[in-house]
Amino acid sequence: MSETDDKIRCDACPVLCYIRPGMTGACDRYANRDGELVRVDPHILLERTLQDGGEVVPFMSQAREWSGDIVNAPAPIVTAIGAGTTYPDYKPAPFIVSSQVDGVDMVTVVTEGIYSYCGVKLKIDTDRHLGAECATVRAKGEPVGHVTTGEYGSQMLSLGGVNHLTHGGKKEGRVTCETLLKLCNRKAVELTVDGGATFIVEAGKPPIVNGRLEERMRVGCGSATIGMFAKQWYGKVDEVVVVDDHITGVLSEHQAGKLLGARDTGIKIKGQRSTPGRYFHVAEPGTGWGGADISDPLQIVAGFNGKVAWPGLTMLMVSTTGEQHAFYRLDDTLKPVEAPLPDNLRVSVERIRENCEPALCSVLFMGGAGGSLRAGVTENPVRLTRSVRQALTTVTAGGAPVIIWPGGGITFMVDVTLLPDNAFGYVPTPAIVAPIEFTMRLDDYAALGGHVDHVRPLRDVLAQRGKKSNGFGVTPARSDA
Amino acid sequence: MRMLPQQTRLPGGRLHLHDGPIDLIIRAWGEADAVEIAYAAACGRFANILDELCTELPLLRSQATPTSARPSGLIARRMADAVAPFCTARFITPMAAVAGAVADEILCAMTDAAPLRRAFVNNGGDIALHLRPDESLTIGMVDRPDRPSLIGSAVISGRDAVRGVATSGWRGRSFSLGIADAVTVLACSAAQADAAATLIANAVDLPGHAAITRAPAHSRDPQSDLGARPVTVAVRPLTPHDAHAALVAGLDEAERLRRAGALEAAALQLGGQTLLCGVGEALSIDSPVPSIATKAMSSDRLQRTTVSAF
């Protein structure tokens, strides 16, 4: 067969098409343009999101007025979403784009990383006990992570990671990958903790714990709540107990009460006294009052000292979110008898509630840009790491800012709610595909051994995009960027 | 740069699988668990089909003859089996059935994995169907992929023998020796339909007609299985009489194939005219256009024939 030399061989897939100038390969995705292999299908995910009426708000300054014409948008950020990638990255990252920012030639190396080393850190705002620390977290019965530390008003879960993705059973890896993908793409996921609760989590939404929607996040621990509201209670009630599984506060004993001159009440609280007016472990963790396993707050009161307490003594018991409260008056035998909450105390209970922020689930995707991904950016991968360390290179994920961990490698975390919808994908390996962009000065890029010959001016990218002959994820700049 | 197979969920409960030149739009109906298992099975089978096919590409691109070597891959065998009945009378290569064979194979993986009420695997218009006897699916037909609009629809019942649909024409992704805008075939499998549609579309022709521009296949695609054979690259407007004559030539081929048991029904389109072959109640071209199908069309790239179900 006599063939001219102008055809090129595409190695994007094993079909290995020879493509003549102006023609596309069998896939209609790669084409020969003036002897160059180019990808011609439009960047898939963002476009599909728009087509489906999906939300791309985080990146748009005037969402309603935006016609959907990406090309006309001012100062776009090129994102990696839909850029496609290879693994390992033995070829330059799919799109290396240069644009002028403040007269400096900027390079954004746009790729989608395939992360076998990745997971999510999940912060669930709730006082309710989700499970013991280190307990296994399951999705569809498969172990996908574990409960980690309890933090302020929230419970932390660590999901995914290489051990669940690749070291567990095949089903474990698949379910883990699916769970991570759903969480990253802001879908709801049901999780169960061994020996703990079942809950539904979704980034940016309140958690639903054992079928109950969590509305508020605690204002503080029980002790802190005493400190915050002592003045409002003093003079209106003799004793206040803020029930908290972590640190229960008692007004009359607490430093805040003492300073105001609160009278001793002789109350005896179960559990372990830490400092005056602060009690640990008043009950077992649970999903009742203040994250303890109690539905009757008197369960934590051992009684009153007959030498100190008096008949008619009034006591308010309230949870750290103000959602539960009860008012008592001691009878002649010094037994608390429940009574209606006086109006002047109702205000303070409502104020606790008012000061509680809405409970939310937050999902941070965490991934490590491995050597092979970095090789897609530069010929000498370690220099990219150093360049990021020296703050010469900015890393973003789908245009969103990331937190980079100190130490080796490029391990980053990103709030998934800052990325456009469905910015994450997966491959059956299993591994998560997430966008990542490295932005740096063109001269710095050259200095770190970048694939400078593959850099393409942004205006060309945009012009070609207008003719639907190039596949870039171009997103209008964030208004606050 | 080898792109890995990609899978995405599309609106409407559909699954999109992509690898190299293959784009599959998949939908299954059944218990929610069964559908998930079937989708997982589709993804699992899909993971290496392109590599599997490419190892035997030279054989699959060669003219099928009664003495051709039998390929070893499952999909390759589906392809070879689909074209074998035609290889004595016509030039054909197993590649004529590649899209349908991939659709059949993925559908088979799905129905083996879980009980489904119905399902389709649409490989760029070549569709494999699964239907229980009491189920049906409506297929929308498009004659011009460059101006997609539905020209008709076919209702396939689970009681029919039809389990495959394919459309071929020179305006599509593959080369055609003929000038049909579209030939849609209903057959017992997608691979069978694919091969039959290719042959009928080749036969819708006006040899030597001045309105037709042809070029050797390898001048457009150096690796085309059609080699130096002249493929249609442009057709200027034809008189209604000429278009009809071309369609009649194709209808002869379609009838020949139908009598041989290679297809159940076919619709041949050219210049706005349509001729039907073997049409009973299954195929109608005047049914109202369901809006859901047009919507699906606009969102699925490269889709030649749409499937919608009600």
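Structure report, in brief. (Residues numbered from 1 in each chain as written. Chains lettered and ligands numbered in written order. Predicted model: local features only at pLDDT ≥ 70, side-chain atom pairs only at ≥ 80, totals over all residues.)

Attention shifts here to the environment of Thr-65 of chain B. All names here are of chain B. Tracing the backbone shows Thr-65 in the loop between helix H3 (57-60) and helix H4 (74-83). Judged by C-beta crowding, with 11 C-beta atoms within 10 Å, Thr-65 ranks as exposed. For the pair formed by Thr-65 and Ile-92, sequence separation is 27 residues and the distance between their alpha carbons is 8.6 Å. (Helix = DSSP H or I, 4+ residues; strand = E, 2+ residues; numbered from the N terminus. Buried ≥ 20, exposed ≤ 12 C-beta atoms within 10 Å, placed from the backbone.)

This next bit is on the nonpolar core. In globular proteins that are soluble, nonpolar side chains generally tend to be buried together. Formed by 96 residues in total, the largest nonpolar core has its most connected members in Val-120, Cys-184, Val-363, Phe-365 and Ile-432 of chain A. Considering every element that reaches this core, the biggest residue donor is strand E31 (residues 431-441) of chain A, with seven residues. Apart from the residues within four sequence positions on either side, Cys-184 of chain A is in contact with Val-120, Val-363, Phe-365, Val-416, Phe-424 and Ile-432 of chain A. Phe-86, Met-110, Ala-191 and Cys-277 of chain B belong to the second largest nonpolar core, which has 87 residues in total. (Core = buried A, V, L, I, M, F, W, Y, C linked by C-beta atoms within 7 Å. Contact = placed C-beta atoms within 7 Å.)

A few words now on the sheet that holds strand E2 (residues 14-19) of chain B. Residue and element names in this part refer to chain B. If you trace the nine strands from one edge of the open sheet to the other, you get E1-E2-E3-E4-E5-E8-E9-E12-E13, paired in antiparallel fashion. Edge strands, defined here as strands with exactly one partner in the open sheet, are strand E1 (6-10) and strand E13 (273-277). Between one strand axis and the next, the sheet turns through 15° on average, direction left out of account. Packed on one face of the sheet, helix H6 (residues 190-203) meets strand E5 (126-131), strand E8 (164-168), strand E9 (182-187) and strand E12 (265-270) and runs near 25° to E8. Contacts from helix H8 (residues 240-259) reach E9, E12 and E13 within the one sheet, and its direction differs from that of E13 by about 15°. (Pairing = 2+ DSSP bridges. Axes fitted to C-alpha atoms, helices over the stretch in contact; angles between N-to-C directions.)

This brings us to the sheet that holds strand E16 (residues 239-243) of chain A. Residues and elements named next belong to chain A. Within the open sheet, the seven strands sit side by side as E19-E20-E17-E16-E22-E23-E24. Their pairing is mixed. Both edges of this open sheet fall to strand E19 (272-275) and strand E24 (336-339), since each of them pairs with a single strand only. Across the sheet, the mean angle from the axis of one strand to that of its neighbour is 30°, orientation sign disregarded. Where strand E22 (residues 314-319) and strand E23 (residues 325-330) come together, five bridges link them in antiparallel fashion. Paired with Leu-316 across the two strands is Phe-327, which belongs to E23. On top of the sheet, helix H4 (residues 222-233) reaches E16, strand E17 (248-250) and strand E20 (278-280); it is set at about 150° to E16, its chief contact.

Purely geometric numbers; function is a separate question.
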